[in-house]
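Here's the letter readout for the chains.
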Amino acid sequence: MSIISRGFGGRRRESPPDLPPGQYLAHDFPVLSAGPTPRIPLDRWHFTIVTETGEKHTWDWKQFTALPAEEITVDIHCVTKWSKLGTTWKGVAIDTLFEEVESAADYVMAHSYGGYTTNVPLEDLLDGKAWIAYEYDGEPLHPEHGGPARLLIPHLYFWKSAKWVDGFRMMHEDEPGFWEDAGYHMYGDPWREQRYHGD
Amino acid sequence: MARAAVSRRLTWRVATVVAARWETPSARTLVLDIPEWPGHLAGQHLDIRLTAEDGYQAQRSYSIASAWPGDGPVEISVQRLEDGEVSPYLTDVVEPGDQIEVRGPVGGWFVWRDTATAPVLLLAGGSGVVPLMAMIRARSLAGGRQPFRLIYSVRTPEDALYAEELRRRGREDSGLDVRFVWTRKAPDDWPHPPKRIDVATVNTYGWPPDFQPDCFVCGPTTFVETAADMLVALGHDPKRIRTERFGGA
Ligand SMILES: Cc1cc2nc3c(=O)[nH]c(=O)nc-3n(C[C@H](O)[C@H](O)[C@H](O)COP(=O)(O)OP(=O)(O)OC[C@H]3O[C@@H](n4cnc5c(N)ncnc54)[C@H](O)[C@@H]3O)c2cc1C
């Protein structure tokens, strides 16, 4: 279907088989966000889950980092086509947070300091599929990469892994978040190249 | 953050390169005729897909450089990365008459609408000037009077994209100020040694925060991080600072 680009051979750098289609391997850690990097002092940091009934569960930094944490080694894939393999994080599994939360809603809107939002089905966050991460490579997560804490959902494009995350709002219906409202895909599966609305 | 717009299925279209011109020895503007182009806002980008004879494909994003007069072609400006896969093809191989696949426009956040009235501060690093140029051109096309200031950080005079047009518009488009910051080599008649963009520059040639300007910062990641941090430090409302990072250091 596609037209051939005259004289284009491609560079075809060695591309490991475990990369989703269209991705290339990044050796650095690119930064992408819609505005300046928020810097949140730990004594002002909170994470809040608001359920569909309006019930709130809040953790401050001390309470949050006292929760059982896991070391996670995963591949990450950005919609702008870079991937990093075998990145190592430390964080709290979303399952752990939901041990304390009663909700029948199927969707989550993740909110961030700075106003960013992104939507995710709850089932994509549970069963060991997602974390709130606060260390990268053994170091506290740098503000550029979403520190003090960011969502980590490795099986979706990385814009779903909201940086500077400060809470979840439970929703019965799926609603678009920030990039989703700007034409990005509602779900964002890198293996199916769900970049934009309609992909 | 305000809600953005544009939710629409994006389809691949076959664009024809109708003209090409060098902006600098390493950056080239391609003029694309795209059938049924739906129009775009200043700051949006498009995706390009290239296909080799054996089916191998590569895709990259390029900001749209041109304003949209309601018809006519769409321009992008590509900076060659010597070891890149796509950019050297677009700068050195593609010729007028060739066809490439594009889809877009993409992006509804890093955009400037000509109906906006707030003062605008544009901070560009290197080829990050491209979407900001589209904003300057869109303002001009609409006959806009919004106060605009561009601070453009670039290595040497030979590396400056659109240098002549920017100087001309700086003189002719009323309410538009253009300030270059040379980081490696300044022109002979420049009164200062080359330097990186600093707080004093942003303070002197930008808008004071109490004017509540909309700020657009675009360039390589380190440039964007530094420049956006300076704006915040100077007291600009983070909600009015929009950034776009082109990857790279
Ligand atoms: C929204 C947006 C707008 C943009 N607008 C513009 C624009 O207006 N103008 C413009 O010129 N660019 C723009 N870009 C950047 C553009 O999309 C490309 O990234 C750029 O042209 C480089 O692409 P490339 O294929 O030439 O280089 P790539 O092949 O992607 O290489 C990029 C760098 O990564 C390194 N690299 C890549 N793969 C590997 C590998 N496997 N191993 C080792 N190193 C590797 C290369 O050495 C190189 O330095 C934009 C990007 C975005 C996200």
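All of these numbers come straight from a predicted model, not from anything done at the bench.

A short note on the overall build of chain A
Scanning chain A from N- to C-terminus turns up 3 helices and 11 strands. Tracing chain A from N to C terminus, the helices and strands come up as β-β-β-α-β-β-α-β-β-β-β-β-β-α. Here the C-alpha coordinates of chain A stretch approximately 60 × 35 × 30 Å along the principal axes. Every one of the 199 residues in chain A was classed for burial, and the buried ones make up 54%. Across chain A, every contact between residues at least 6 apart in sequence was considered, and the portion connecting residues at least 24 apart equals 66%. Surface accessibility of chain A: about 8800 Å² in total, with carbon and sulfur atoms responsible for 50%.

With respect to the UniProt feature "domain: FAD-binding FR-type" (unreviewed entry) in chain B
UniProt marks residues 10–112 of chain B with the feature "domain: FAD-binding FR-type" (unreviewed entry), using the numbering shown here. The span residues 10–112 of chain B carries 7% helix and 46% strand; its end-to-end C-alpha distance comes to 21 Å.

A look at the packing of helix H2 (residues 129–141) of chain B against helix H3 (residues 163–172) of chain B
Residues and elements named next belong to chain B. Two elements in contact, H2 and H3, have axes separated by 12 Å at closest approach and are oriented at 40 degrees. Our classification of the angle between H2 and H3 gives oblique. Crossing of H2 over H3 shows left-handed handedness. Seen from H2, the contacting residues are Met133, Ile136, Arg137 and Ser140; seen from H3, they are Glu165, Leu166 and Arg169.

Examining the sheet that holds strand E7 (residues 120–125) of chain B
Residue and element names in this part refer to chain B. If you walk across this open sheet you meet the 5 strands as E9-E8-E7-E10-E11, and the pairing is parallel. Here the strands that pair on one side only, and so sit at the sheet edges, are strand E9 (176–182) and strand E11 (241–245). When strand polarity is set aside, the average angle formed by the axes of neighbouring strands in this sheet is 10 degrees. Bridge count between strand E8 (residues 148–154) and E9: 7 bridges; the pairing is parallel. Pairing of Leu150 across the sheet is with Val178, part of E9. Sheet strands touched by H2: E7, E8, E9 and strand E10 (214–219). Its angle to E7, the strand with the most contacts, is close to 145 degrees. Contacting E7, E8, E10 and E11, helix H5 (residues 221–233) runs over the sheet at an angle of about 155 degrees to E10.

A short note on the pattern of salt bridges
All names here are of chain B. Applying the stated criterion across every chain, the model contains 23 salt bridges over all chains. Across the salt bridge formed by Arg28 and Glu95, the nearest N and O atoms sit 3.5 Å from each other. A residue pair is termed long-range when its members are at least 10 positions apart, and Arg28 in strand E2 (residues 27–33) and Glu95 in the loop between helix H1 (87–93) and strand E6 (99–106) qualify at 67 residues. Look at Arg28 and you get buried, because its relative accessible area is 5%. Exposure remark for Glu95: the relative accessible area of 37% places this residue in the partly exposed category.

Describing the interface of chain B and chain A
Contacts between chain B and chain A engage 51 residues on the former and 38 residues on the latter. Note on chain B versus chain A: buried area summed over both sides is about 3800 Å², and carbon and sulfur give 49% of it. Along the contact surface separating chain B from chain A lie 3 salt bridges. As a salt-bridge pair, Asp199(A) and Arg103(B) come within 3.1 Å of each other at their nearest N and O atoms. Connecting chain B to chain A are 16 residue pairs in polar contact (both at pLDDT 80 or more). Mapped by element, the contributors of at least two residues to the side of chain B that touches chain A are strand E3 (45–51), strand E4 (57–63), H1, E6, H5 and E11 of chain B.

Quick notes on the packing of aromatic side chains
Following the criterion strictly, the structure yields 29 aromatic pairs over all chains and no others. A ring pair is formed by Trp82(A) and Phe158(A), whose centres lie 6.4 Å apart and whose planes are at 75 degrees; its orientation type is edge-to-face. Here Trp82(A) is found in strand E5 (residues 82–93), whereas its partner Phe158(A) is found in the loop between strand E10 (150–152) and strand E11 (165–171), with 76 residues between them in sequence. Members of the aromatic cluster, joined through ring pairs, are Tyr116(A), Tyr157(A), Trp159(A), Phe178(A), Trp179(A), Tyr184(A), Tyr196(A) and Trp109(B).

Some thoughts on the domain arrangement of chain B
All names here are of chain B. The domains assigned to chain B are domain 1 (12–106) and domain 2 (120–246). Facing the 17 residues of domain 1 at the interface are 16 residues of domain 2. Carbon and sulfur atoms make up 63% of the area that domain 1 and domain 2 hide from each other, which totals about 1200 Å². Joining domain 1 to domain 2, the criterion identifies 3 residue pairs in polar contact (both at pLDDT 80 or more). Among the secondary structure elements, those contributing two or more residues to the side of domain 1 that touches domain 2 are strand E1 (13–24), E2 and strand E5 (74–79). Top element by residues in the side of domain 1 that touches domain 2 is E5. It accounts for 3 residues. Of the residues assigned to the side of domain 1 that touches domain 2, the class counts are 8 nonpolar, 7 polar and 2 charged.

Reading the values: rules and limits
Residues numbered from 1 in each chain as written. Chains lettered and ligands numbered in written order. Predicted model: local features only at pLDDT ≥ 70, side-chain atom pairs only at ≥ 80, totals over all residues. Heavy atoms only, no water. Helix = DSSP H or I, 4+ residues; strand = E, 2+ residues; numbered from the N terminus. Buried < 20%, exposed > 50% of the residue type's maximum accessible area, 1.4 Å probe, protein only. Contact = heavy atoms within 4.5 Å. Areas by Shrake-Rupley, 256 points an atom, 1.4 Å probe, with all protein chains shown as cover. UniProt positions renumbered as here; feature names shortened; annotations may be inferred. Axes fitted to C-alpha atoms, helices over the stretch in contact; angles between N-to-C directions. Parallel < 35°, antiparallel > 145°, perpendicular 65-115°, else oblique. Left-handed = near helix turned anticlockwise from the far one by under 90°. Pairing = 2+ DSSP bridges. Salt bridge = Lys/Arg side-chain N within 4 Å of Asp/Glu carboxyl O. Buried area = accessible area lost by both parts, 1.4 Å probe. Polar contact = N/O pair within 3.5 Å; in protein donor to acceptor, adjacent residues only side chain to side chain. Phe/Tyr/Trp six-rings, centres within 6.5 Å; stacked < 30°, edge-to-face > 60°. Domains from an automatic or database assignment. Nonpolar A, V, L, I, M, F, W, Y, C, P; charged D, E, K, R; others polar.

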